[in-house]
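Summary of structural features
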Amino acid sequence: MSCSIGICIANEMNLVTDNILKYADSAMYRSKMKGGNSYSFYDPELQTLLEKLTELETDITRAIACNEFCAYFQPQVSMLGKVIGAEALIRWNHPSKGLIAPNEFIQIAEQYGLIQQLQNIVLRDICVLINRLNAEDIIDEQFSVSINISQSQFSASTLKSELLNTISNFNIGPSQIKLEITESMLSGDIDNTIQQMAEIKESGFTFSIDDFGTGYSCLTHLSAFPVKELKIDKSFIDKVLDDGTGFSIVQMIINLSKSLDLSVVAEGVEALEQFKTLKTMHVDSIQGYLISKPMSKNDYVKWHKDNVTKEF
Ligand code: C2E
Ligand code: CA
Ligand code: CA
């Protein structure tokens, strides 16, 4: 058990009971944000921030009910130019603010317990897309779509059943869904994590480690986790054309993947020169603006038809 304390000092300027309680409550929230077991004083700036967060939370809840969220898709292409998969990336089609990128709302959705609902929307869109591509007969069974899994979902014991429920409603096989997790999710109780991942893998899903290289990975444990793929973070790909360390780090990650028998994807590839260099380095596939920006479902289907094999 831990204790988080919020303190509001009452004076002549501030004697409305409801306000005092509200301010003390927001100070307590700050203590919680510090990790708990601490005390904080009321801070008007923090109050404004909290009010904004609460507004955003209300707006997300409204937007879920109004069907404003959907998945966009960004293709992944092998070094021979074959489209081998796509990553689903959530977007918020806001009536007044336009298309909003996930960095602006994912963390809040996670904090306020709304992430599962958003994830269900993304998974449902993935299933609809796979069914459409199947109906057009333009994908084979190797084609898979990646979904980003957040920390709270990954820790929830219901992850496997949620995934299985949705895909079976759409008659999709689990091998066509790849779960992207980050390195930090692999810290903590390692045996428990391996066990949970093994169960999900046994159902037929595969795992990919996203943003690889940016977090702390324990290399001895890496081989113990049932993952199939590493995604080299864009920050390293940005430097792959620099002589020296940029190139060496990418080569090191590629060599590591090969020695652990994992496939390796380069993220955020924007230039043809990067692609050519990565090809000589034996990366397996790439994803990035060079191939395409993320697209709506309809645009993706059109793009896929025109680019079943992408020419370089
Ligand atoms: P991520 O998983 O690392 O996704 C890659 C991000 O890089 C995407 O941003 C993508 O649009 C962008 N990107 C791809 N290629 C390029 C490129 O060549 N150049 C540049 N500059 N950017 C590129 P996006 O869609 O804004 O997503 C940001 C992050 O939000 C994602 O990072 C992921 O962590 C999170 N996210 C997205 N969708 C979901 C979701 O459905 N669930 C969860 N839990 N998180 C999501
Ligand atoms: Ca990702
Ligand atoms: Ca990434």
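The structure this text deals with has already been given above.
Computed from a predicted structure; not experimentally measured.

1. Some words on the overall build of the chain
Secondary structure summary: the chain contains 12 helices and 11 strands in total. Along the first, second and third principal axes, the C-alpha atoms of the chain reach 75 × 45 × 40 Å. A burial count over the chain gives 45% of its 312 residues as buried. Of all intrachain contacts in the chain linking residues separated by at least 6 positions in sequence, the fraction that spans at least 24 positions is 65%. As displayed, the chain has an accessible area near 16,000 Å², and 52% of this comes from carbon and sulfur atoms. Taking the 26 positively charged and 40 negatively charged side chains of the chain as two groups, their mean positions are separated by 4 Å.

2. Examining empty space enclosed by the protein
Using the criterion set out here, one finds one cavity of 30 Å³ or more in the structure. Estimates place the volume of the largest cavity at around 60 Å³. Lining the largest cavity are Gln116, Gln119, Asn120, Leu123, Ile147, Ile149, Gln153, Leu159, Glu162, Leu163 and Thr166. Every element with two or more residues in the lining of the largest cavity is listed here: α4 (115-135) and α6 (159-169). Along the lines of polarity and charge, the residues of the lining of the largest cavity split into five nonpolar, five polar and one charged.

3. What about the pattern of salt bridges?
A pair can form between side chains of opposite charge whenever their charged atoms are brought close. What the rule picks out here adds up to 17 salt bridges. Measuring nitrogen to oxygen at the nearest pair gives 3.8 Å for the salt bridge that ties glutamate 270 to lysine 234. Placement of glutamate 270 in the loop between β10 (263-266) and α11 (272-280) and of lysine 234 in helix α9 (residues 234-237) is noted, with a sequence separation of 36 residues between them. Each member of the salt-bridge network shares a partner with another, and the members are Glu87, Glu180, Lys231 and Glu267.

4. Remarks on the site of ligand 1
By nearness alone, 23 residues border ligand 1, and Gln74, Arg91, Asp210, Glu270 and Tyr289 come closest of all. Within the backbone of isoleucine 90, an N or O atom sits 3.1 Å from a nitrogen atom of ligand 1. Tyrosine 289 places a main-chain nitrogen or oxygen 2.8 Å from an oxygen atom of ligand 1. Starting from 800 Å² of accessible surface for ligand 1 in isolation, the protein chains cover 81%. Comparing atom positions with the cavity grids shows ligand 1 to sit within the largest pocket. Looking at the shell around ligand 1, the elements with two or more residues in it are β4 (83-94), α4 and β8 (206-212). If one sorts the elements of the shell around ligand 1 by residue count, β4 sits on top with four residues. Taken together, the residues that form the shell around ligand 1 break down as nine nonpolar, seven polar and seven charged.

5. What to know about the layout of surface pockets
Of the voids in this model, the largest pocket is the one considered here, and its volume is about 980 Å³. Lining the largest pocket are 37 residues, with Glu87, Leu89, Pro102, Asn103 and Asn148 positioned closest to its centre. Among the secondary structure elements, those contributing two or more residues to the lining of the largest pocket are β4, α3 (106-111), α4, β7 (177-182) and β8. The element best represented in the lining of the largest pocket is β4, accounting for five residues. When its residues are assigned to classes, the lining of the largest pocket shows 14 nonpolar, 12 polar and 11 charged. By volume, the second largest pocket is sized at about 330 Å³. Counting only elements with at least two residues in the lining of the second largest pocket, the list comes to β3 (69-78) and β10. In terms of residue class, the lining of the second largest pocket is built from two nonpolar, eight polar and five charged.

Calculation rules
- Residues numbered from 1 in each chain as written.
- Chains lettered and ligands numbered in written order.
- Predicted model: local features only at pLDDT ≥ 70, side-chain atom pairs only at ≥ 80, totals over all residues.
- Heavy atoms only, no water.
- Helix = DSSP H or I, 4+ residues; strand = E, 2+ residues; numbered from the N terminus.
- Buried < 20%, exposed > 50% of the residue type's maximum accessible area, 1.4 Å probe, protein only.
- Contact = heavy atoms within 4.5 Å.
- Areas by Shrake-Rupley, 256 points an atom, 1.4 Å probe, with all protein chains shown as cover.
- Lys, Arg positive; Asp, Glu negative; His and termini not counted.
- Charge placed at Lys NZ, Arg CZ, Asp CG, Glu CD.
- 1 Å grid on protein atoms, 1.4 Å probe; cavity = no way out; pocket = protein on both sides within 12 Å on 5 of 7 lines; lining within 4 Å.
- Points joined across faces, edges and corners; volume = space filled by probe spheres on them.
- Nonpolar A, V, L, I, M, F, W, Y, C, P; charged D, E, K, R; others polar.
- Salt bridge = Lys/Arg side-chain N within 4 Å of Asp/Glu carboxyl O.
- Near = heavy atom within 4 Å.
- Polar contact = N/O pair within 3.5 Å; in protein donor to acceptor, adjacent residues only side chain to side chain.
- Sits in = over half its atoms within 2 Å of the grid points.

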